[in-house]
Amino acid sequence: MNKKTEKSKLTLIIAEKPSVAADLVKALGAKNFKKEKTHFESDTTIVSWAIGHLVTIADPKNMDDAYKSWDMSTLPIIPDQFVIMPIPETKSQLTALGKLIRNKDVSTIINACDAGREGELIFHYIIEHEKGKTGLKNKEIKRLWMQSMTTSAIKEAFENLRTSEEMQKLQDAAISRSEADWLIGINGSRGLTAYKSSFGGFQLTPCGRVQTPTLAMIVKREDERNAFVPQDYWTILGLFKNNNQEYEGKWFRTEGKETIQKLWEQGTAEAIVKKCEKKTGTVTETTKPSSQKSPPLYDLTTLQREANNRFGFSAKTTLQIAQALYERHKLTTYPRTDSKCLPEDYISTVKKVLESITGSLAVHAQNVLKNNWVKKDPKIFNNKNISDHHAIIPTGNVPKNLSEAEQKIFTLISQRFISVFFPPAKYLNTTRITLIEGESFITEGKVLEDPGFKAVYGKDADAEQTLPPLGKTNEAKTIELKVNQEVTKPAARYTESSLLSLMESAGKLVEDDDLRDALKDRGLGTPATRAAIIEKLITDKYVIRDGKELVPTSKAFDLIRLLSAMNIEPLTSAELTGEWEHQLGLIEKGEESRESFMKGIIGLTQQIVSSIKSFKEEDTKKEASFSPVNGIRVFDSVSRYETEDGIMIRKMLGGRLINEEEVQTLLLKRKIGPLSGFRSKRGAPFSAVITINDKNKVEFFFDNADNDVEVGEQIGISPIDQSPVFDSLTAYISESALQKEKTGFRLSKIILGKEISIENIKKMLAGEKSELIQGFRSAKTKRLFDAYLTLDKNGKIKFEFPPRVASAKKTFVRKKTTKASDSSNDD
């Protein structure tokens, strides 16, 4: 009788993955458990596991045969009741879990999946899948909520189990997010695919509630870069002497509150130099103290951004490492958090963790304790700024057997944890103004007086810019002045770091940490999902990684331009998407109902489908601004240019935007190029000539062994075998190369993204160096650089670098003798 009573009180614990289940068993007393194939079992407790998501909302084709074809007439698909189904790859584990859930001796089921929205959804769908089957009634549901995976944290979580009623709001938000993503993703993707496939072939066009507005931001930045027109400007650097000490200064003037150092006319810069050279003036100096506080503790997004900036890690890689540090190594707390604060009652916990820190950081941790720097600072300890989880911090366990990448992330987390309790770094900032003939030159120095928190990072002498002391007189003599020609640059492409920041603030470029925190509840996605969103854009071939940069493909431009033409703002507006994310947050807080949210999402779905169904590209067609060309009218629509005699030129070719001027040239000459900036389907950059063939079709043309090479004028003599060198469509090529001889010379017209002009190749073939060519892009580092080009006797390109442009923070060029180096092999 007693035995039966004990059996009827079995508790089933469901973890999110097997490794977590093993940790729970260890905390509960491993010796009491027997390991089975699908679970651990003791006299009172069964511990089993999911393998991530075991159940998902069914694809429409599995709901109704009518949805097997992606037909516009079947849209919108809005189920009265969402059907869920097992994920085939993990069905066996779901079957095993189902048996355990329905076990008549199990009276309590504990959800021990990850403590967040997604963990809530994984567990909910498992239970939902078992509903309607016998054996599920009258079972109590509890929630295990863990901040870290240490044994003590697990035991504490078991002592403070939450009820299913307490978790209802989070569950509502989780289900709403899942259903909203399904409705927008399924209907949008099917609608756009059906529309694009109507032009021939099946053109899969995935879109998503969060991923497509994120993509729109990347495309918008690339549009800005394509529209950018570089502009030359000039700066002036001076070398001055006071007290027999030389120092540098950069010319400037003030207009209101703005400091201007760029001059847009070379003549103006040269006139200032002529006015000031060899003249004597005055110098004044002011010194002010400043301080810099430690940045706050890490949430997941700031950790991902830092790791991308410092180590080039993708957001996905950083999340995987942080998850391993939390789950496998037990070294850090739960990573999928949006908080940068700790609970107000964590002061004693913090001190214990500081006491346990080992290695090179131990001395800094002890310094914090010795000086009693752990104070109840609301910027560190603040319950109001914590939702489900606090900031990521070390647990106090000693690291063992970490990989190099894991060690880097663990060090970042540990350094930040220690440094927040240190006092600010203190600087002495010196500003020196030299006045010569009414023209001002500024020199700035910065000395680190007290490293404060920077000591934790080993920055005791933080790149000091010291200035030689002024003498008793304020006289300043001009030694030398130099005019530097520079060029404006477009806004940089997004890296994962800058994109994560933009996603966090729903498309607003916000540098201030406090303001960004205020906007983050309206961000795109959550810390837990942003890495997956970026990876999905890459998997769907909308974006490629080029070094640290994220570059949109032609498929991305096509999609965003089409959505804009269809006026589907909800799929292109980061701000509107951020508002939907905000509403999900309100559901978690109980300030918004699930019913109200889903009603809005259904309305949005219907609006998207209606816009797709009613759109006709012909309605966007208008005569191009440059029409006619050669007497033939040209029309401009959302994705292409068309002529009245049947030539069609897509606006995006090989991932590159073809601008109006290039379209005109192509129509006039039936060829243009070589042009750079194209990308293959695998993302590899290439250069090519674009031609219009005899059938009026646009195609790429490459000079190669399979094509007859059309040559133009002779431009020089080959340095290899002295045979004539000719101009061709894509290259400069010698007669011997045309005849397939081994001594043939061939040089592409595009080198590292820059076109080599006929004027420059003529100089090079004559044994001279080219003009300075600006904007080469290193194949290895992706950095831009300027260089002169020469040819050696074997016809190989040599790069010759100019002296570095002087700046007020570096030694004046007069003091350097920079020998041009040959490093053609570096790029």
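Just so it is clear, the structure is predicted and the values come from calculations on it, not from any experiment.

1. Looking at the overall build of the protein chain
In terms of helices and strands, the protein chain carries 22 helices and 36 strands. Taken along its principal axes, the extent of the C-alpha atoms in the protein chain is 105 × 80 × 55 Å. Put simply, of all contacts in the protein chain between residues at least 6 apart along the chain, 66% involve residues at least 24 apart. Accessible surface, the protein chain as shown: approximately 41000 Å² in total, 48% of it carbon and sulfur.

2. Concerning unusual backbone geometry
Put simply, leucine 75 and proline 76 share a cis peptide bond, and its omega is 0 degrees. Cis rather than trans, the peptide bond between glycine 673 and proline 674 has omega equal to 10 degrees. Tracing the backbone through its elements, the reader meets proline 674 in strand β25 (residues 671-679). Even without being glycine, lysine 278 reaches a positive phi, approximately 65 degrees. Along the chain, lysine 278 turns up in the loop between α8 (266-276) and β13 (280-292). Backbone geometry places arginine 670, a non-glycine residue, at a positive phi of 65 degrees. Positionally, arginine 670 belongs in the loop between α20 (660-669) and β25. On the basis of relative accessibility, which here comes to 34%, the residue arginine 670 falls in the partly exposed class.

3. Examining the packing of aromatic side chains
Applying the stated rule across the entire model yields 21 aromatic pairs. Between phenylalanine 626 and tyrosine 641 the ring centres are 5.7 Å apart and the planes differ by 55 degrees, which places this aromatic pair in the tilted class. Of this pair, phenylalanine 626 sits in the loop between β19 (622-623) and β20 (634-636) while tyrosine 641 is found in strand β21 (residues 640-643), placing the two residues 15 residues apart along the sequence. An aromatic cluster is built from Phe776, Phe785, Phe799 and Phe801, whose rings are joined through pairwise contacts. In this arrangement the basic side chain of lysine 446 is found over the ring face of tyrosine 427, its NZ or CZ atom lying 4.1 Å from the centre.

4. Quick notes on the pattern of salt bridges
Counted under the stated rule, the structure contains 45 salt bridges. Residues glutamate 549 and arginine 493 are paired through a salt bridge, measuring 3.2 Å at the closest nitrogen-oxygen approach. Linking glutamate 549 in strand β18 (residues 549-552) with arginine 493 in the loop between β16 (475-487) and α14 (496-504), this pair joins segments that are 56 residues apart in sequence. Judged by relative accessible area, glutamate 549 falls into the buried class, the value being 17%. Judged by relative accessible area, arginine 493 falls into the buried class, the value being 16%. A single salt-bridge network, built from bridges that share partners, covers Glu222, Arg225, Arg493, Asp546, Glu549 and Arg777.

5. Thoughts on the sheet that holds strand β27 (residues 698-701)
Here three strands make up an open sheet; going across it, the order is β25-β26-β27 and the pairing antiparallel. Each having just a single partner strand, β25 and β27 make up the two edges of the open sheet. For this sheet, the mean inter-axis angle between neighbouring strands, taken without regard to orientation, is 40 degrees. Contacts from α20 reach β25 and β26 (685-692) within the one sheet, and its direction differs from that of β25 by about 140 degrees.

6. Comments concerning a nonpolar patch on the surface
Together, Trp70, Phe202 and Leu204 make up a nonpolar patch on the protein surface, roughly 320 Å² of accessible area in all. Examined against the element boundaries, tryptophan 70 turns out to sit in the loop between β5 (55-57) and β6 (84-86).

7. Quick look at helix α16 (residues 530-539)
Among all positions of α16, only Arg530, Ala531, Ile533, Ile534, Glu535 and Leu537 are buried. Buried residues along α16 sit against α7 (211-227), α9 (300-311), α10 (315-327), α14 and β17 (543-546). Positioned one or two residues after α16, lysine 541 has a phi angle of 65 degrees, which is positive.

8. A look at the packing of helix α11 (residues 347-356) against helix α12 (residues 362-370)
Where α11 contacts α12, the axes come no closer than 8 Å and their chain directions differ by 140 degrees. As judged from the angle between their axes, α11 and α12 are oblique. In this structure, the crossing between α11 and α12 has a hand that is left-handed. Each of Lys351, Leu354 and Glu355 in α11 lies in contact with α12, whose residues at this interface are Ala365, Gln366, Val368 and Leu369. Of the residues in the contact of α11 with α12, the class split is four nonpolar, one polar and two charged.

9. Topic: the sheet that holds strand β2 (residues 34-35)
On the basis of which strands lie adjacent, the open sheet formed by seven strands has the order β2-β3-β4-β1-β7-β8-β9 and mixed pairing. Single-partner strands in this sheet number two, and they are β2 and β9 (162-163). As judged from the two bridges shared by strand β8 (residues 140-143) and β9, these two strands associate in the antiparallel manner. Pairing of arginine 143 across the sheet is with arginine 162, part of β9. Docked against the sheet, helix α4 (residues 117-130) engages β1 (10-15), β7 (106-112) and β8, running at close to 150 degrees with respect to β7.

10. Comments concerning the confidence of the model for the protein chain
Summarising the model, the protein chain shows a mean pLDDT of 89, and 92% of its residues fall at 70 or more. Here residues 1-7 scores under 50 on pLDDT; set against residues more than four positions off or in separate chains, the count is one contact. Across residues 805-827, where pLDDT falls below 50, the model places 49 contacts with residues more than four positions away in sequence or in other chains.

11. Some thoughts on α11
Within the span of α11, buried status applies to Val350, Val353 and Leu354. One side of α11 carries all its buried residues, which in axial view fall inside an arc of 100 degrees. With respect to the buried face of α11, the exposed residues turned more than 90 degrees away are Lys352 and Glu355.

12. Re a negative patch on the surface
Where like charges cluster on the molecular surface, the negative patch consists of Glu156, Glu159, Glu344 and Asp345. The topology assignment puts glutamate 156 in helix α5 (residues 151-159). A residue is classified by how much of its surface remains accessible, and glutamate 156, at 52% relative accessible area, is exposed.

Reading the values: rules and limits
Residues numbered from 1 in each chain as written. Predicted model: local features only at pLDDT ≥ 70, side-chain atom pairs only at ≥ 80, totals over all residues. Heavy atoms only, no water. Helix = DSSP H or I, 4+ residues; strand = E, 2+ residues; numbered from the N terminus. Contact = heavy atoms within 4.5 Å. Areas by Shrake-Rupley, 256 points an atom, 1.4 Å probe, with all protein chains shown as cover. Buried < 20%, exposed > 50% of the residue type's maximum accessible area, 1.4 Å probe, protein only. Phe/Tyr/Trp six-rings, centres within 6.5 Å; stacked < 30°, edge-to-face > 60°. Lys NZ or Arg CZ within 6 Å of the ring centre and 35° of its normal. Salt bridge = Lys/Arg side-chain N within 4 Å of Asp/Glu carboxyl O. Pairing = 2+ DSSP bridges. Axes fitted to C-alpha atoms, helices over the stretch in contact; angles between N-to-C directions. Patch = residues over 30% accessible without salt bridge, like charges linked within 9 Å, V, L, I, M, F, W, Y side chains within 5 Å. Parallel < 35°, antiparallel > 145°, perpendicular 65-115°, else oblique. Left-handed = near helix turned anticlockwise from the far one by under 90°. Nonpolar A, V, L, I, M, F, W, Y, C, P; charged D, E, K, R; others polar. pLDDT = per-residue confidence, 0-100. Arc of directions from axis to C-beta. Lys, Arg positive; Asp, Glu negative; His and termini not counted. Charge placed at Lys NZ, Arg CZ, Asp CG, Glu CD.

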